[in-house]
Structures are given as structure tokens and as C-alpha cells.
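Remarks on the overall topology
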Amino acid sequence: VQVVESGGGSVQPGASLRLSCVASVSGLSIHLMGWYRQAPGKQRELVATSTRFGITNYADAVKGRFTISRDNAKNTVYLQMNSLKPEDTAVYYCNARPVSSSNLYWGQGTQVTVSS
């Protein structure tokens, strides 16, 4: 399984960004996809997750500002990030867990920088 993120960048506070992540698999469906982030000097933390049934979970820090969505047919997950704050600055990682598997696959990450 190959997981590839895209869509990061540098923006000013209050701006929006949309991250995308594609999980390339052969003959498998993806059950769980999620976004995590890691800021310099900090541990990686949950941002949001979504099951293939549309059940979502968000970190308190992003509730009401970020929205996770899925395209199951494309094994793709998106993270719409609005009202970005400097504290959202981090490398954002996507992960994917296939159906009937306990393996979790991670992407290489995409940098998001929020600064004036």
C-alpha cells in the first residue's frame, strides 16, 4: 500500500488549505483513513479520521475548522482546513488501514506553514 499526500503550503492566518491523500492498493478497500500532524519538537497527534462508512473523529483543536471527507471509490481522503492558525503549522501525515487488516500505512507527510 502506498500512501501519498499533497496540498500543503504556506499561508497566512485565517486562510484555507485542502490536503489530499491517496492510498494505492491492489484489490483492497480502505477502512480507516486519517490525518495526523507533527509540529517541531512535538509528538505526532491526531487531527481527524474517517471510516469508510463516514464515521469521523476530530481533535478538539480543529473541531469546527477542519473537515475530513472520503472518496471511497478512489481510496482518497481530504482534509479541508479553514481559519488556519499559526499553531496549525506542522507536517501533516496521512495513514490508511485496509479492510480486514491491522496494518497501518503512512505517507511521507506534507508541510503546512501558517505565518504572517
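What this report covers is the structure whose coordinates are included nearby. Note that the structure is predicted; figures quoted are calculated from it, not measured.

Analysis parameters
Residues numbered from 1 in each chain as written. Predicted model: local features only at pLDDT ≥ 70, side-chain atom pairs only at ≥ 80, totals over all residues. Heavy atoms only, no water. Disulfide = S-S within 2.5 Å. Helix = DSSP H or I, 4+ residues; strand = E, 2+ residues; numbered from the N terminus. Phe/Tyr/Trp six-rings, centres within 6.5 Å; stacked < 30°, edge-to-face > 60°. Buried < 20%, exposed > 50% of the residue type's maximum accessible area, 1.4 Å probe, protein only. Lys NZ or Arg CZ within 6 Å of the ring centre and 35° of its normal.

Observations regarding the state of the cysteines
The final tally for this structure, using the stated rule, is one disulfide. The disulfide partner of Cys21 is Cys94, and the S-S distance across this bridge is 2.0 Å. Taking the sign of the S-S torsion, about -80° here, the bridge from Cys21 to Cys94 comes out left-handed. Of this pair, Cys21 sits in strand E3 (residues 17-24) while Cys94 sits in strand E9 (residues 90-98), and the two are 73 residues apart along the sequence.

Points about the packing of aromatic side chains
All told, the structure shown has one aromatic pair when counted by the stated rule. When the ring of Tyr36 is compared with that of Trp106, the centres are 5.2 Å apart and the planes differ by 65°; the resulting orientation is edge-to-face. Of this pair, Tyr36 sits in strand E4 (residues 30-38) while Trp106 sits in strand E10 (residues 105-106), and the two are 70 residues apart along the sequence. Among the residues examined, Trp106 registers a relative accessible area of 33% and is labelled partly exposed. The ring of Tyr78 carries Arg18 above its face, with NZ or CZ at 4.0 Å from the centroid. Directly above the aromatic system of Tyr93 lies the positively charged group of Arg44, at a separation of 3.7 Å from the ring centroid.

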